Amino acid sequence: MVAGAALAFVATAAQAVIPVYPTPGVENPILYTFTAASSDNLSAYFAGSGASYNETLGLLVNGVDTGISGLQNHTTPLGIALSFGDVTAGDALTFLINIQTTGATFYSQKSRNSDGANHVYSAPYAGGDYGSPAGTYVAFEDLPKGRSDFNYGDEQFVFTNVGTPVPEPAAWALMLVGFGVVGAAMRRRVSSVVVVA
């Protein structure tokens, strides 16, 4: 059910910028939990693909496959939407890509991935590119661990009715340790300044 008639493919000079994974080549250490923000329709807008494989998007709601898939990466125009239908506020959402070329499936929930790798990067998105509304940007890595380039640009989507991506508790702990190390390094740097008169 691609709802292309509802959206016009419009590129304007005042476009927002699609987020980009900041450290390509390194597996994203942040794990996300996605939930429905309200009891309403959940849509995905195609935001691009750097994949050579043929792939489609799918969704699990509270661990159950919706059976809806689409937005084929080589034939879907940018900005086209796929409706996953109504969800209920607080529903657990797990996004997935079906890689038709290899038969693999990778999920936004790391524990579901057969290779044990994190295959998503997510960020809030302000809207504007390709006629996409504001929402939650989710980008996938489509190669298995050991062969992956971890660029998180193979499949890119903007989802509506998804709460702000929430890092899982382990990711928060990792980020806090990182902030602590940076803070300690800055304090050390300031205290080691020698003034010569």
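Quantities reported herein were computed from a predicted structural model and do not represent experimental measurements.

The rules behind these values
- Counting restarts for each chain: residues are numbered from 1 in the order of the written sequence.
- Note on the predicted model: pLDDT of at least 70 is required for a residue's local features to be given, and 80 or more for side-chain atom pairs to be given and counted; whole-chain, interface and lining totals, by contrast, use all residues.
- No hydrogens and no water enter the side-chain calculation; it runs on all heavy atoms of the structure.
- Two strands qualify as a pair provided that DSSP identifies no fewer than 2 bridges between them.
- Segments assigned H or I by DSSP are reported as helices when at least four residues long, segments assigned E as strands when at least two residues long, and all are numbered from the N terminus.
- To get an axis, fit a line to the C-alpha atoms, keeping to the stretch in contact for a helix; angles then go from 0 to 180 degrees between the N-to-C directions.
- Residue exposure (1.4 Å probe, protein chains only): buried if accessible area is under 20% of the type maximum, exposed if over 50%, otherwise partly exposed.
- Contact criterion: two residues are considered in contact whenever any of their non-hydrogen atoms come within 4.5 Å of each other.
- Among the buried residues, those of types Ala, Val, Leu, Ile, Met, Phe, Trp, Tyr and Cys that are joined through side-chain atoms within 4.5 Å form a nonpolar core.
- Ring pairs shown here join Phe, Tyr and Trp side chains whose ring centres sit within 6.5 Å, with only the six-membered ring taken for Trp; geometry is labelled stacked below 30 degrees between planes, edge-to-face above 60, and tilted in between.
- Two limits define a charge over a ring: the Lys NZ or Arg CZ must be within 6 Å of the ring centre, and within 35 degrees of the ring normal.

Thoughts on the sheet that holds strand S2 (residues 40-48)
Move 1: On the basis of which strands lie adjacent, the open sheet formed by five strands has the order S5-S2-S10-S9-S8 and antiparallel pairing. Two strands in the sheet have a free side with no partner beyond their single neighbour: strand S5 (81-87) and strand S8 (120-125). Averaged over all pairs of adjacent strands, the angle between their axes in this sheet comes to 25°, without regard to strand direction.
Move 2: Across five bridges, strand S9 (residues 135-140) lies against strand S10 (residues 155-159) in antiparallel orientation. Pairing of Tyr 137 across the sheet is with Val 158, part of S10.

Side note on the environment of Ile 18
Move 1: Assignment of secondary structure puts Ile 18 in the segment before strand S1 (32-35).
Move 2: Judged by its relative accessible area of 13%, Ile 18 is buried.
Move 3: The contacts of Ile 18, once residues within four sequence positions are left out, are Ala 47, Tyr 125, Asp 129, Tyr 130, Tyr 137 and Gln 156.

Some points on unusual backbone geometry
Move 1: Even without being a glycine, Asn 62 presents a positive backbone phi close to 55°.
Move 2: By the element assignment, Asn 62 lies in the loop between strand S3 (55-61) and strand S4 (64-70).
Move 3: A relative accessible area of 46% places Asn 62 in the partly exposed class.

Description of the pairing of S3
Move 1: The buried fraction of S3 is high, at seven of seven residues.
Move 2: Neither face of S3 is exposed, since Glu 55, Leu 57, Leu 59 and Val 61 on one face and Thr 56, Gly 58 and Leu 60 on the opposite face are all buried.
Move 3: Two successive antiparallel strands, S3 and S4, enclose a turn made up of two residues, where Asn 62 displays a positive phi of approximately 55°.

With respect to the nonpolar core
Considering soluble globular proteins, one finds that nonpolar side chains tend to be buried as a cluster.
Move 1: By size, the foremost hydrophobic cluster in this structure holds 41 residues, and its most contacted members are Leu 93, Phe 95 and Phe 159.
Move 2: Elements that contribute at least two residues to this core include exactly S1, S2, S3, S5, strand S6 (92-99), S8, S9 and S10.
Move 3: Of the residues forming this core, the biggest block, five residues, is contributed by S2.
Move 4: Beyond its immediate stretch of four places on either side in the chain, Leu 93 contacts Phe 34, Thr 35, Ala 36, Leu 42, Leu 59, Leu 60, Val 61, Val 87, Ser 108 and Val 162.

Let's talk about the packing of aromatic side chains
Move 1: Overall, the coordinates contain nine aromatic pairs when judged by the stated rule.
Move 2: Feature note: the residues Tyr 32, Phe 34, Phe 46, Phe 95, Phe 157 and Phe 159 constitute an aromatic cluster, connected by ring pairs.
Move 3: Directly above the ring of Tyr 107 sits Arg 112, whose terminal nitrogen or CZ lies 5.8 Å from the centroid.

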